[in-house]
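One letter stands for each residue in the lines below.
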Amino acid sequence: MAEIPNRPRRHHSFMESGLRERSIYLLPNLFTTAALFAGFYAIVQAMNGKFEHSAVAIFIAMVMDGLDGRVARMTNTQSAFGAEYDSLSDMVSFGVAPALVMYVWALKPLGKLGWIAAFIYCAGAALRLARFNTKLDESDKRYFQGLPSPAAAALLAGLVWVSYENHVSGTEVFFDAVKMQWVAWSITLFAGLSMVSDLRYYSGKDINLRRSVPFVVILLIVLAFVLISYSPPEVLFAVFLGYGVSGYVLWIWGKRKKAARSQG
């Protein structure tokens, strides 16, 4: 009886390669998911009237968003999926969430002006993210074009947090003249329009953490941690407000330098 030759097993290499192509890296996307969860949590807490929780959640989303990209680069796990997922997470955490929190907290009594301001901020965040993704390889790495969406979100969340710590509600009236709704309305429009502007904001990407620095730099870092731990809402809001204004300062400084050169 003739022996039946052993048939070689078929290797499912094409299946394995397909699975690899469709697989995603877990570690950096965990941080992105945490940022997305924090943004969604901020919306839920705003609907429940716990605005201080919403503000803190947005700041936590900022930390998670800052870690996912760095973790991906450190572990060499960058992917197109991760980049797209990060953009969608940013839209929720730094676009939709701050706009809804600000609207529920202070802008709702203003009627159409309130929700229009919230929409301008939300649309500005979407346009800012789209422009960043399409010009990622063309722009100067030292500067952002337009106010980054996490900084804009921190500006709105910082206002809510500072107001809560000082027992000021979104409907408060200062000196019988200035209503908190208009302060919130102005900050919301400022952040939304700054995101889609052509102003330059320092990115800090040229900072080399492996390079030695003077001892005074370490002292300044320690002082910054002390100030933030002493009064987180006030310090964080002041820092991001100053950062938001810095783009306009750089623009005015550049105009003056060009005028001085033309006269000289």
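Residues numbered from 1 in each chain as written. Predicted model: local features only at pLDDT ≥ 70, side-chain atom pairs only at ≥ 80, totals over all residues. Heavy atoms only, no water.

### Points about the packing of aromatic side chains
For any two aromatic rings, the description comes down to two numbers: the centre-to-centre distance and the angle of the planes. Tallied over the entire structure, the rule returns nine aromatic pairs. Each ring, one from Phe59 and one from Phe240, has its centre 6.2 Å from the other, and the planes form 50 degrees; the classification is tilted. Of this pair, Phe59 sits in helix 3 (residues 51-74) while Phe240 sits in helix 9 (residues 232-263), and the two are 181 residues apart along the sequence. Among the aromatic side chains, those forming a connected cluster through ring pairs are Phe59, Trp161 and Phe240. Its end group placed over the ring of Tyr143, Arg200 keeps NZ or CZ at 4.2 Å from the ring centre. (Phe/Tyr/Trp six-rings, centres within 6.5 Å; stacked < 30°, edge-to-face > 60°. Helix = DSSP H or I, 4+ residues; strand = E, 2+ residues; numbered from the N terminus. Lys NZ or Arg CZ within 6 Å of the ring centre and 35° of its normal.)

### Digging into the packing of helix 6 (residues 149-165) against helix 7 (residues 180-195)
Where helix 6 meets helix 7, the axes come as close as 9 Å, and the angle between the chain directions of the two elements is 170 degrees. With respect to helix 7, the axis of helix 6 lies roughly antiparallel. Of helix 7, the residues touching helix 6 (which contributes Ser149, Ala152, Leu155, Leu156, Leu159 and Ser163) are Met180, Ala184, Ile187, Thr188, Phe190, Ala191 and Met195. Of the residues in the contact of helix 6 with helix 7, the class split is 10 nonpolar, three polar and no charged. (Axes fitted to C-alpha atoms, helices over the stretch in contact; angles between N-to-C directions. Parallel < 35°, antiparallel > 145°, perpendicular 65-115°, else oblique. Contact = heavy atoms within 4.5 Å. Nonpolar A, V, L, I, M, F, W, Y, C, P; charged D, E, K, R; others polar.)

### Section: the environment of Tyr25
On the secondary structure map, Tyr25 appears in the loop between helix 1 (13-22) and helix 2 (26-47). C-alpha separation for the pair Tyr25 and Thr77, spaced 52 residues apart in sequence, amounts to 6.3 Å.

### Considering the pattern of salt bridges
Under the defined criterion, the tally for this structure stands at one salt bridge. Note that Arg131 is salt-bridged to Asp198, the shortest N-O span being 3.5 Å. Highlighted residues: Arg131 in helix 5 (residues 112-134) and Asp198 in the loop between helix 7 and strand 4 (200-202), separated in sequence by 67 residues. (Salt bridge = Lys/Arg side-chain N within 4 Å of Asp/Glu carboxyl O.)

### Concerning the nonpolar core
In terms of nonpolar packing, the biggest core is built from 54 residues, with Phe59, Met102, Trp105, Tyr121 and Leu159 touching the most fellow members. Only helix 2, helix 3, helix 4 (80-107), helix 5, helix 6, helix 7 and helix 9 provide two or more residues apiece to this core. Beyond its immediate sequence surroundings of up to four residues, Phe59 is in contact with Ala154, Ala157, Gly158, Trp161, Leu236 and Phe240. (Core = buried A, V, L, I, M, F, W, Y, C linked by side-chain atoms within 4.5 Å. Buried < 20%, exposed > 50% of the residue type's maximum accessible area, 1.4 Å probe, protein only.)

### Details of unusual backbone geometry
Phi at Asn76 takes a positive value of approximately 55 degrees, unusual for a residue other than glycine. Residue class for Asn76 comes out exposed when judged on its relative accessible area of 60%. Positioned with a positive phi, His167 is a non-glycine residue whose angle comes to about 60 degrees. With respect to the element layout, His167 can be found in the loop between helix 6 and strand 2 (173-174).

### With respect to a positive patch on the surface
Together, Arg200, Lys255, Lys257, Lys258 and Arg261 make up a region of like positive charge exposed at the surface. Residue contributions to the positive patch peak at four residues, all from helix 9. For Arg200, the location among the structural elements is in strand 4. (Patch = residues over 30% accessible without salt bridge, like charges linked within 9 Å, V, L, I, M, F, W, Y side chains within 5 Å. Areas by Shrake-Rupley, 256 points an atom, 1.4 Å probe, with all protein chains shown as cover. Lys, Arg positive; Asp, Glu negative; His and termini not counted. Charge placed at Lys NZ, Arg CZ, Asp CG, Glu CD.)

### As for the packing of helix 4 against helix 5
Between helix 4 and helix 5, whose axes approach to 9 Å, the crossing angle comes to 165 degrees. When the axes of helix 4 and helix 5 are compared, the pair comes out roughly antiparallel. Note on packing geometry: the crossing formed by helix 4 with helix 5 is right-handed. On helix 5, the residues touching Ser87, Asp90, Met91, Phe94, Gly95, Val96, Pro98, Ala99, Tyr103 and Leu107 of helix 4 are Gly114, Trp115, Ala117, Ala118, Tyr121, Cys122, Ala125, Ala126, Leu129 and Asn133. Considered class by class, the residues forming the contact of helix 4 with helix 5 number 15 nonpolar, four polar and one charged. (Left-handed = near helix turned anticlockwise from the far one by under 90°.)

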